[in-house]
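# Residue-level structure breakdown
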Amino acid sequence: ETDKKNMKEHIQRRTSDRINVGNVPIGNNAPISVQTMTNTETTDISSTVSQIIKLKNVGADIVRISVPTLEAAEAFKKIKKQVDIPLIADVHFNYKIAIKVLNDGADCLRINPGNIGNKNRIKQVIDCAKYNNIPIRIGINSGSLEKDILEKYKFPTSEALLESAMRHINYLDNFNFDKFKVSIKSSDISIAVKSYKMLAEKISQPLHVGITESGGFRNGTVKSSIGIGLLLLDGIGDTIRVSLAENPIEEVKVGFDILRALHIRLKGINFIACPTCSRQEFDVIKVVKILEKRLEDINTPMNVSIIGCIVNGLGEALTSTIGITGYRKNSVLYEDGIRQLKRINNDEIIDELEHKIRKKSRELILS
Ligand code: SF4
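Keep in mind the model is a prediction, meaning the values are calculated, not measured. (Residues numbered from 1 in each chain as written. Predicted model: local features only at pLDDT ≥ 70, side-chain atom pairs only at ≥ 80, totals over all residues.)

### Topic: the domain arrangement of the protein
The assigned domain composition of the protein is domain 1 (14-261) and domain 2 (269-366). Between domain 1 and domain 2, the C-alpha centre-to-centre distance is 38 Å. (Domains from an automatic or database assignment.)

### A few points about the sheet that holds strand E4 (residues 62-66)
The eight strands are arranged E8-E7-E6-E5-E4-E3-E10-E9 in an open sheet whose pairing can be described as parallel. Each of the sheet's edge strands pairs with one partner strand only, and the pair in question is strand E8 (180-185) and strand E9 (208-209). Sheet topology places E4 next to strand E5 (residues 87-90); four bridges connect them, and they run parallel. In the strand pairing of E5, valine 63 is matched with leucine 87. This element, helix H9 (residues 248-261), spans strand E3 (33-37) and strand E10 (239-241) of the sheet and lies at about 160° to E3. (Pairing = 2+ DSSP bridges. Helix = DSSP H or I, 4+ residues; strand = E, 2+ residues; numbered from the N terminus. Contact = placed C-beta atoms within 7 Å. Axes fitted to C-alpha atoms, helices over the stretch in contact; angles between N-to-C directions.)

### What to know about the environment of arginine 110
Relative to the elements of secondary structure, arginine 110 occurs in strand E6 (residues 108-110). Accessibility expressed as a C-beta count within 10 Å gives 24 for arginine 110, which makes it buried. In contact with arginine 110, not counting residues within four places along its chain, are Arg64, Ile88, Ala89, Asp90, Val91, Arg137 and Gly139. (Buried ≥ 20, exposed ≤ 12 C-beta atoms within 10 Å, placed from the backbone.)

### What about the site of the ligand?
The immediate surroundings of the ligand are formed by Cys274, Pro275, Thr276, Cys277, Arg279, Gln280, Ile307, Gly308, Cys309, Val311 and Asn312. Here the residues of the shell around the ligand are counted per class, giving six nonpolar, four polar and one charged. (Near = placed C-beta within 6 Å. Nonpolar A, V, L, I, M, F, W, Y, C, P; charged D, E, K, R; others polar.)

### With respect to the UniProt feature "domain: IspG C-terminal" (unreviewed entry) in the protein
UniProt tags residues 270-358 as "domain: IspG C-terminal" (unreviewed entry). Here residues 270-358 runs as 34% helix and 27% strand, with 14 Å between its end C-alpha atoms. (UniProt positions renumbered as here; feature names shortened; annotations may be inferred.)

### A short note on the pairing of strand E11 (residues 269-273)
Pairing geometry for E11 and strand E12 (residues 302-307), over five bridges, is parallel. Pairing of isoleucine 269 across the sheet is with methionine 302, part of E12. The β-α-β motif built from E11, the intervening helix H10 (residues 284-294) and the parallel element E12 has left-handed crossover chirality. (Right-handed = clockwise from strand over helix to strand, strands pointing away.)

### Observations regarding the nonpolar core
Grouped together as the largest cluster of nonpolar side chains are 73 residues, with contacts concentrated most on Ala89, Ala98, Val101, Leu109 and Tyr196. Of all the elements, helix H6 (residues 158-174) adds the most residues to this core, at seven residues. When near neighbours in sequence (up to four residues on either side) are disregarded, alanine 89 contacts Ile65, Val67, Phe76, Val101, Ala106, Leu109 and Arg110. Counting 21 residues, the second-largest nonpolar core is a separate cluster that includes Met302, Ile324, Val332 and Leu333. (Core = buried A, V, L, I, M, F, W, Y, C linked by C-beta atoms within 7 Å.)

### A look at the pairing of E12
With six of six residues buried, E12 is to be regarded as a mostly interior element. Covered by surrounding structure in E12 are Met302, Val304 and Ile306 together with Asn303, Ser305 and Ile307, the residues of both alternating faces. The pairing of E12 with strand E13 (residues 322-325) spans four bridges and is classified as parallel. Paired with serine 305 across the two strands is glycine 323, which belongs to E13. What joins E12 to E13 is helix H11 (residues 310-318), and the crossover it makes is right-handed.

### Quick word on the packing of H10 against helix H12 (residues 349-366)
Running from N to C, H10 and H12 point in directions that differ by 40°, and their axes come no closer than 10 Å. In terms of their interaxial angle, H10 and H12 are classed as oblique. For H10 against H12, the interelement crossing comes out right-handed. Note on element contacts: H12 touches H10 through Ile349, Ile350, Leu353 and Glu354, opposite Val287, Ile290, Leu291 and Arg294. By residue class, the composition of the contact of H10 with H12 is six nonpolar, no polar and two charged. (Parallel < 35°, antiparallel > 145°, perpendicular 65-115°, else oblique. Left-handed = near helix turned anticlockwise from the far one by under 90°.)

Below, the structure written as structure tokens:
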């Protein structure tokens, strides 16, 4: 067991159906997947492909692409051929675009069926999804509630969001289509959490969880962590998207940070570091910052504790894969909780720790 802290209380996940987005299973106890969305012009094929490859390299399981026009749909088809990660086509209003992407290799279609138009158009899209065996994601958003629902509730409350979600779900139900997942997002954490909890009681399909339009990097990370974290701890959520006004690479990283912090899905290094004070024997903040950057490529789950002095150093080191405790000129190294004879010179701590962590990662992969 590489993560001793993983032996914590087990989260009882909500029982849900299973759908597959390409080769990524969602729901029914599948690992919680992390998804994001490109923010390039979809018609700029090379930039979009390049961004998707970067997102895949930082661990994204699924990538969503906005397809606002038929021209973008044509680009989507070409993009799909150049990448090997499941792609969700994000379509609004236009049934022709929806049908085109379904026939051109989309692994999932994000669309709200009530917005497509008459029943005949809805049926055509659903028939096409059935024919290609492609799931749909219904995405309810506090910023785009139907006018009549907004008038009824005066404000995008949880009840309003739920009514909208059930309206779109009913369209799929009426055509006997059950391969779908739903998101019910608000930019307000309390409203979002309540909405998801109510929806989770009403349907058996998997849920895509997120806090919409959560803001820039810091604010958005805080809001997303609270909202998504509360739901995940309650067993709700089968795939997550952290929405940030930032490079989507950060969305993926924060997504995995949330899953790692909750010991749900371990990937990469969980750095444990003290906030530092005048007792620190080496520059903890600098060491952590540099190592986080240098070790971004490590996917092996491990806890690495970097603590400035003996006050908390030993306690953290005992439950870490690698731990360093600051001590005068030479700090004390622990591996799997065992104190190592050879100390590390505080001037060489960054290089030495990088070396040790990489070596440990290789050993864990082989074991
Ligand atoms: Fe200060 Fe030591 Fe606590 Fe770090 S572990 S904050 S250096 S007392």
